[in-house]
Amino acid sequence: LGKAVSNFFQLTMQASIGEELVGCVICKIDEQKLLRRGYIGMLAVKPAHRKRGIAKKLVKLAMEAIQQHACTEIVLDAEVSNLAAVNLYTSLGFFKDKLLEKYYLNSGDAWRLRYWFPSLDYTKLLYSDI
């Protein structure tokens, strides 16, 4: 469990107002044969600070950081009933790839959301170790 949790701290971004931590996004990079995939494991903003664009800014920062790691795509899972999250991600270009039925412990369904980087230089992926 320790290794699985520590893998998510590869890419962690925080939002603060003064000394107060108000939000964070936690991501990781998965190596899949010759390709890399970014995964957003968690996005959270304190309720008192929502509706201010903090979540959107954190996701954009995560997307930029993941792209810097030469990933071809980003995936994440969002609860179907969390319309704010689903709308946020789709507004940033993510699409609903698959419905995951009874995915959560509360038996809630999830959307597997996916984003493909449109202008990735694939030669960097294929020849980065040469």
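For the structure given in this document, a descriptive report is provided here. (Residues numbered from 1 in each chain as written. Predicted model: local features only at pLDDT ≥ 70, side-chain atom pairs only at ≥ 80, totals over all residues. Heavy atoms only, no water.)

1. Here we look at the layout of surface pockets
Applied cut-off: Using protein atoms alone on a 1 Å grid, points that fit a 1.4 Å probe yet trap it form a cavity, whereas open point sets bounded by protein on both sides within 12 Å along at least five of seven lines form a pocket; residues with an atom within 4 Å of a point count as lining. Grid points are joined across faces, edges and corners, and a volume is the space filled by probe spheres set on the points. Under the scheme used here, helices are H or I runs from DSSP no shorter than 4 residues and strands are E runs no shorter than 2 residues, and both carry numbers assigned from the N terminus. Three classes are used, and their members are as follows: Ala, Val, Leu, Ile, Met, Phe, Trp, Tyr, Cys and Pro are nonpolar, Asp, Glu, Lys and Arg are charged, and the others, Gly among them, are polar.
There is about 700 Å³ of room inside the largest pocket. Forming the walls of the largest pocket are 26 residues, and the residues nearest its centre are Leu43, Ala55, Asn82, Ala85 and Leu88. Sort the elements by how many residues they give to the lining of the largest pocket and strand β3 (residues 35–45) lands first, with seven residues. Its residues placed into classes, the lining of the largest pocket shows 16 nonpolar, four polar and six charged.

2. Some details on the pattern of salt bridges
Note the cut-off: The term salt bridge refers to a side-chain nitrogen of Lys or Arg lying within 4 Å of a carboxyl oxygen of Asp or Glu. Each residue gets one of three labels from its accessible area relative to the maximum for its type: buried under 20%, exposed over 50%, partly exposed in between, using a 1.4 Å probe on protein chains only.
Taken as a whole, this structure holds seven salt bridges when the rule is applied. Between Lys28 and Asp30 there is a salt bridge; the shortest N-O distance is 3.5 Å. In this structure, Arg114 and Glu73 form a salt bridge, with 2.5 Å as the shortest nitrogen-oxygen distance. Residue Arg114 is located in strand β6 (residues 110–116), and its partner Glu73 is located in strand β4 (residues 73–79); the two are separated by 41 residues in the primary sequence. Glu73 shares its class with Arg114; the two are buried.

3. A word on the sheet that holds β6
Hydrogen bonding along the main chain pairs the strands of a sheet, whether they run parallel or antiparallel. For clarity, the cut-off: Two strands are said to pair when DSSP picks up at least two bridges between them. An axis is simply a line fitted to the C-alpha atoms; with a helix, the fit covers only the stretch in contact. Between two such axes, the angle follows the N-to-C directions and lies from 0 to 180 degrees.
Spatial ordering of the open sheet is given by β1-β2-β3-β4-β6-β5, a layout of six strands whose pairing is mixed. Either end of the sheet is taken by a strand with one partner, and the two such strands are β1 (11–17) and β5 (95–100). Averaged over all adjacent pairs, the angle separating strand axes in this sheet is 25°, with direction ignored. Inspection of the sheet shows strand β2 (residues 20–32) paired to β3 by ten bridges, in the antiparallel sense.

4. Concerning the nonpolar core
Using the following cut-off: Think of a nonpolar core as a cluster: buried Ala, Val, Leu, Ile, Met, Phe, Trp, Tyr and Cys residues, connected wherever their side-chain atoms sit within 4.5 Å. By definition in these notes, contact holds between two residues if any of their heavy atoms fall within 4.5 Å.
In terms of nonpolar packing, the biggest core is built from 29 residues, with Ile40, Val59, Ile66, Ile74, Tyr89 and Phe94 touching the most fellow members. Elements with a contribution of two residues or more to this core: β1, β2, β3, α2 (54–68), β4, α3 (83–91) and β6. Of all the elements, α2 adds the most residues to this core, at seven residues. Ignoring any residue separated from it by four or fewer positions in sequence, one finds Ile40 in contact with Val25, Ile26, Cys27, Val59, Ile66, Ile74, Val75, Leu76, Tyr89 and Phe94.

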